[in-house]
Amino acid sequence: MQIRALTTQSEAETLSVAYAFAAQLHAGDVVLFFGDLGAGKTTFIRGMMQHFDASLQITSPTFALVNVYPTQPRVYHFDLYRIGGDSDLIDVGFEECLESDGIVLVEWAEKCGAMTPPRRWEVRLAVVDETRRAIEIERIDNDHPRD
Ligand code: ADP
Ligand code: MG
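What comes next concerns the included structure.

**Some details on the overall build of the protein chain**
Summing up its helical and strand segments, the protein chain has four helices and seven strands in all. Order of helices (α) and strands (β) in the protein chain, N terminus to C terminus: β-α-β-α-β-β-α-α-β-β-β. Taking 15 Å as the expected radius of gyration for a compact globule of 147 residues, we find that the protein chain reaches 14 Å, a close match to that expectation. Once the C-alpha set of the protein chain is aligned to its principal axes, its extents read approximately 40 × 40 × 30 Å. Among the 147 residues that make up the protein chain, the fraction classed as buried is 46%. The contacts of the protein chain with a sequence gap of at least 6 include a subset with a gap of at least 24, amounting to 60%. Looking at the protein chain as shown, the accessible area adds up to about 7800 Å², and 48% of this sits on carbon and sulfur atoms. A gap of 4 Å separates the mean positions of the 13 positive and 23 negative side-chain charges of the protein chain.

**Considering the sheet that holds strand β4 (residues 75-79)**
With mixed pairing, the seven strands of this open sheet are ordered in space as β1-β7-β6-β2-β5-β4-β3. Since the sheet does not close on itself, it has two edges, and those belong to β1 (3-8) and β3 (66-69), each with one partner. Direction aside, the axes of adjacent strands within the sheet are offset by 15° on average. Across four bridges, the pairing between strand β2 (residues 30-34) and strand β6 (residues 119-127) is parallel. Opposite F33, over in β6, you have V123 as the bridge partner. The strands touched by helix α1 (residues 11-22) are β1, β2, β6 and β7 (133-141); relative to β1, the strand with the most contacts, the crossing angle is about 155°.

**Focus on the packing of α1 against helix α2 (residues 41-52)**
Put simply, α1 and α2 touch, their axes get as near as 7 Å, and they point 50° apart. Considering their axes alone, α1 and α2 lie oblique with respect to each other. Judged by the sense of rotation from one axis to the other, the crossing of α1 with α2 is right-handed. In contact with E11, T14, L15, V17, A18, Y19, F21 and A22 of α1, α2 contributes T43, F44, R46, G47, M48, Q50, H51 and F52.

**A look at the nonpolar core**
Counting residues in hydrophobic clusters, the biggest one holds 24 residues, and the most contacted among them are F21, V31, F33, F44, M48, L105 and V123. For this core, the secondary-structure elements that each account for two or more residues are α1, β2, α2, β5 (103-107), β6 and β7.

What counts as what
- Residues numbered from 1 in each chain as written.
- Chains lettered and ligands numbered in written order.
- Predicted model: local features only at pLDDT ≥ 70, side-chain atom pairs only at ≥ 80, totals over all residues.
- Heavy atoms only, no water.
- Helix = DSSP H or I, 4+ residues; strand = E, 2+ residues; numbered from the N terminus.
- Rg over C-alpha atoms; globule rule 2.2 N^0.38 Å.
- Buried < 20%, exposed > 50% of the residue type's maximum accessible area, 1.4 Å probe, protein only.
- Contact = heavy atoms within 4.5 Å.
- Areas by Shrake-Rupley, 256 points an atom, 1.4 Å probe, with all protein chains shown as cover.
- Lys, Arg positive; Asp, Glu negative; His and termini not counted.
- Charge placed at Lys NZ, Arg CZ, Asp CG, Glu CD.
- Pairing = 2+ DSSP bridges.
- Axes fitted to C-alpha atoms, helices over the stretch in contact; angles between N-to-C directions.
- Parallel < 35°, antiparallel > 145°, perpendicular 65-115°, else oblique.
- Left-handed = near helix turned anticlockwise from the far one by under 90°.
- Core = buried A, V, L, I, M, F, W, Y, C linked by side-chain atoms within 4.5 Å.

Quick look at the structure:
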């Protein structure tokens, strides 16, 4: 599997990396985000959404669990921080979203558990210092493993 690894020097640079990343996505794609609080998951998603609709206000759906953006394709933005388990995921409609032809973006994706889709992108963010973030982007396809 190919992993793209980079370090951004500023929030603006993360936004522009994310904007470019979004341009290659297709309807039905799922992007899982990993990284501690403040790592930049929401910031990365804000940059991605510039590609779909620059007028949208993007905030983390920490309490709502999911924001639905009226874009083409539709984008589902999950924040699973407060999720208890798989039954909560089902209640919030996670499976339906995965099966839809929307794009699904998931913060705190370690909470996906058994519902982690075999085909997905993973974006892993880590704080280097106040202004720098280490970012890894990986395409995973366990339906069609290459190795
Ligand atoms: P998360 O969703 O992972 O909790 P946020 O995106 O909400 O994180 O917050 C990231 C914070 O880090 C923001 O305040 C942002 O301004 C700051 N920041 C500093 N440097 C960077 C960088 N290089 N990339 C992304 N965010 C950065
Ligand atoms: Mg967030």
